[in-house]
Amino acid sequence: MNLSVVVVDDEPLIRSGLRAIINAEPDLTVVGEAGDGAEVLPVVRRTGADVVLMDVRMPAVDGIQATRLLLENLDPAPRVLVVTTFENDDYVYDALRAGASGFLLKRTPPDDIIAAIRTVAGSESLLFPEAIRALAQAHAGGRSPRPTGLDEYQLTEREQEVLRLMARGLSNAEIATELILGLQTVKTHVANVLAKLNARDRTQAVIRAYESGFVPLH
């Protein structure tokens, strides 16, 4: 399966570097580029891209707003992978909450960039779970959220177990092994968790679990 990618960054040199890395892979193709968040929606609408590499800080429309525009206007929307200079950037956490599926640092090695694109496209596991946990912790200002849990979403005990393992970054296959369940059963539980939490993907579900105190930050 060939994955189509749109690269968004206000620096032409960054775009060309990412394009070269991505196009060197037989199953990945850059189908469009944009220099600002305002250009993203038309490019993705025209190309039907699977994944967008989105610079988080841009002069006119930033990556947070551009991510929201994609999710509000396209169905299905592409997976968004935020690209940033600083891992503790508040913009990154806001972009994840807005619907981005993960983030990368601009200094990330090429092999890891490729792996991240494939991971978010497959949506079978959480990208960089410890980094997301650290972002949630920083966003909470070092304070643990009041442990209200997720009672209002009426997750079953098994779904709660699955969500905790999702937060640890386990893939569906790893969750199946951990809980001694069939892979299809795990996929069903994951789908139920996402539906009940009204989460687009694992990233949003896990952020919700952290912010509610269901999964401790410490």
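Structural data are supplied above this passage.
Here is a short report on the structure shown in this document. Note that this is a predicted model, so its numbers are computed, not measured.

Procedures and definitions
Residues numbered from 1 in each chain as written. Predicted model: local features only at pLDDT ≥ 70, side-chain atom pairs only at ≥ 80, totals over all residues. Heavy atoms only, no water. Helix = DSSP H or I, 4+ residues; strand = E, 2+ residues; numbered from the N terminus. Rg over C-alpha atoms; globule rule 2.2 N^0.38 Å. Buried < 20%, exposed > 50% of the residue type's maximum accessible area, 1.4 Å probe, protein only. Contact = heavy atoms within 4.5 Å. Areas by Shrake-Rupley, 256 points an atom, 1.4 Å probe, with all protein chains shown as cover. Expected span 1.5 Å × (residues − 1). Polar contact = N/O pair within 3.5 Å; in protein donor to acceptor, adjacent residues only side chain to side chain.

### What to know about the overall build of the protein
A count of helical and extended segments in the protein gives 10 helices and 5 strands. Compactness check: the protein gives a C-alpha radius of gyration of 17 Å against a globular reference of 17 Å for 218 residues, within 12% of the reference. Each principal axis of the C-alpha atoms in the protein carries an extent, and together these give about 50 × 40 × 30 Å. Among the 218 residues that make up the protein, the fraction classed as buried is 48%. A separation of at least 24 residues holds for 69% of the contacts in the protein among residues at least 6 apart in sequence. Carbon and sulfur atoms form 50% of the exposed surface of the protein, whose accessible area is close to 10,400 Å².

### Digging into helix α9 (residues 183–197)
Side chains three or four residues apart in an α-helix point the same way, a direct result of the helix having 3.6 residues per turn. End to end, α9 covers 21 Å across 15 residues, agreeing with the expected 21 Å (1.5 Å per residue, within 8%). Against the buried residues of α9 lie α7 (157–167), α8 (172–179) and α10 (202–212). Residue N198 follows α9 closely and has a positive phi angle near 55°.

### Quick look at the side chain of D55
Relative to the assigned elements, D55 resides in strand β3 (residues 51–55). In this structure D55 comes out as buried when scored by relative accessible area, which is 3%. Of the polar contacts made by the side chain of D55, one reaches the side chain of K106; its length is 3.5 Å. Among all residues touching D55, those that are not within four sequence positions of it are V8, D9, D10, G63, V83 and K106.

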